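# Observations on the model geometry
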Amino acid sequence: MTIAVLDDEEVVVRTPDEFHRMPRDYQKMLISQVTINTEGELSGGDDYVQMFLPLAPDAEERQVCAERAAEEYDHYKIGKRVLADLGIDTTYMETQAVSERMLFADERMHSCTTWAERGVYSYIGEETAMVMLREFAESSYKPWAEAVRTIILDEKIHIAHGARVCRNLAATEEGRTELQAALERLWPMFVGIFGSANTKRSKLAVRYGLRRTTNGEAIELWRQKVGPRVANLGLRVPE
């Protein structure tokens, strides 16, 4: 039996059984949200191995890339378990190439070619994921909220590593030039991750407690977070 959600009601869903009694649009939005994030985590692991590791300048950085990849694959498995409890199987993703996964279809996301792009990707780009993960950690679907808190701890380390790469490069004029070029190329892709600014879907997600902000509000939170980072590196925010 499907339950109705009153306009002034705070939504709290504690179990898969309660989830299946929620309105259909709640169910669809949660499944979409978790599936997109879960695919992104799996592709993130592949990116660390296939894209970043070959760019690493030494054995230490290769090891770091391998460690980050293992964490991304673990994040995928966390999302996979949450979805499995809802009757959704994501095993098919594991046999797909990155190019076959269509939820993160922007090819710029999987085509970094310089170590500067690798640093910007994590220091600036992975903050887009962190903005959303912080919201998911307060999700009305409590099994997802609890699962995401583990992912956040690792993502903080990923961002910190990107910061170290960027700061090392920013110590020289040549490095800052490389970082600015990386930022210019990747910035539009980072913004695009959030989707259209004020869709009805994102507003409904806020209403159901699956989000805390609309897409447009999330973009602004991200800009406020990364703007000072860009300035501290001696770079300029792309227009």
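The notes below deal with the structure included here. Computed from a predicted structure; not experimentally measured. (Residues numbered from 1 in each chain as written. Predicted model: local features only at pLDDT ≥ 70, side-chain atom pairs only at ≥ 80, totals over all residues. Heavy atoms only, no water.)

Let us look at the overall build of the protein. Assigned secondary structure in the protein consists of 8 helices and 0 strands. Tracing the protein from N to C terminus, the helices and strands come up as α-α-α-α-α-α-α-α. Once the C-alpha set of the protein is aligned to its principal axes, its extents read approximately 65 × 35 × 25 Å. Per-residue burial for the protein yields a buried fraction of 49% across its 239 residues. Taking all contacts inside the protein whose residues are at least 6 apart in sequence as the whole, residues at least 24 apart take part in 74%. (Helix = DSSP H or I, 4+ residues; strand = E, 2+ residues; numbered from the N terminus. Buried < 20%, exposed > 50% of the residue type's maximum accessible area, 1.4 Å probe, protein only. Contact = heavy atoms within 4.5 Å.)

The contact between helix α3 (residues 59-85) and helix α5 (residues 142-169) brings their axes to 10 Å, and the two run at 165°. When the axis of α3 is compared with that of α5, the two are roughly antiparallel. The handedness of the crossing between α3 and α5 comes out as left-handed. Note on element contacts: α5 touches α3 through Pro-143, Trp-144, Ala-147, Thr-150, Ile-151, Asp-154, Glu-155, Ile-157, His-158, His-161, Arg-164 and Val-165, opposite Glu-61, Val-64, Arg-68, Glu-71, Glu-72, His-75, Ile-78, Gly-79 and Val-82. The residue makeup of the contact of α3 with α5, split by class, is 9 nonpolar, 5 polar and 7 charged. (Axes fitted to C-alpha atoms, helices over the stretch in contact; angles between N-to-C directions. Parallel < 35°, antiparallel > 145°, perpendicular 65-115°, else oblique. Left-handed = near helix turned anticlockwise from the far one by under 90°. Nonpolar A, V, L, I, M, F, W, Y, C, P; charged D, E, K, R; others polar.)

This part is about the nonpolar core. Tyr-26, Val-120, Ile-124, Tyr-141 and Trp-144 are the most contacted members of the largest nonpolar core, which totals 62 residues. Of all the secondary-structure elements, those providing two or more residues to this core are α2 (24-52), α3, α4 (115-136), α5, α6 (173-192) and α8 (215-232). With 11 residues, α4 is the largest single contributor of residues to this core. (Core = buried A, V, L, I, M, F, W, Y, C linked by side-chain atoms within 4.5 Å.)

The next subject is the packing of aromatic side chains. Overall, the coordinates contain 9 aromatic pairs when judged by the stated rule. Where Phe-136 meets Trp-144, the ring centres are 5.8 Å apart and the plane angle is 40°; that geometry is what we call tilted. Relative accessible area serves as the criterion here: at 5%, Phe-136 is assigned to the buried category. Among the residues examined, Trp-144 registers a relative accessible area of 0% and is labelled buried. Ring geometry for Phe-194 against Trp-222: centres 6.0 Å apart, planes inclined by 50°, an arrangement best described as tilted. You can see Phe-194 sitting in the loop between α6 and α7 (200-207) and its partner Trp-222 sitting in helix α8, a full 28 residues away along the chain. (Phe/Tyr/Trp six-rings, centres within 6.5 Å; stacked < 30°, edge-to-face > 60°.)

Moving on: the side chain of Glu-72. With respect to the helices and strands, Glu-72 occurs in helix α3. Despite its burial, Glu-72 pairs with no opposite charge; the closest candidate is Arg-68, at 7.8 Å N-O. If we skip the residues at most four places from it in the chain, Glu-72 touches Glu-41, Gly-44, Gly-45, Tyr-48, Glu-126, Glu-155 and His-158. (Lys, Arg positive; Asp, Glu negative; His and termini not counted. Salt bridge = Lys/Arg side-chain N within 4 Å of Asp/Glu carboxyl O.)

Right, let's talk about the pattern of salt bridges for a bit. In the structure shown here, the tally under the stated rule is 12 salt bridges. Linking Glu-127 and Arg-229 is a salt bridge whose minimum nitrogen-to-oxygen distance equals 2.9 Å. Here Glu-127, found in helix α4, pairs with Arg-229, found in helix α8; they are 102 residues apart in sequence, far enough to count as distant. By the burial criterion, Glu-127 is buried, and Arg-229 matches it.

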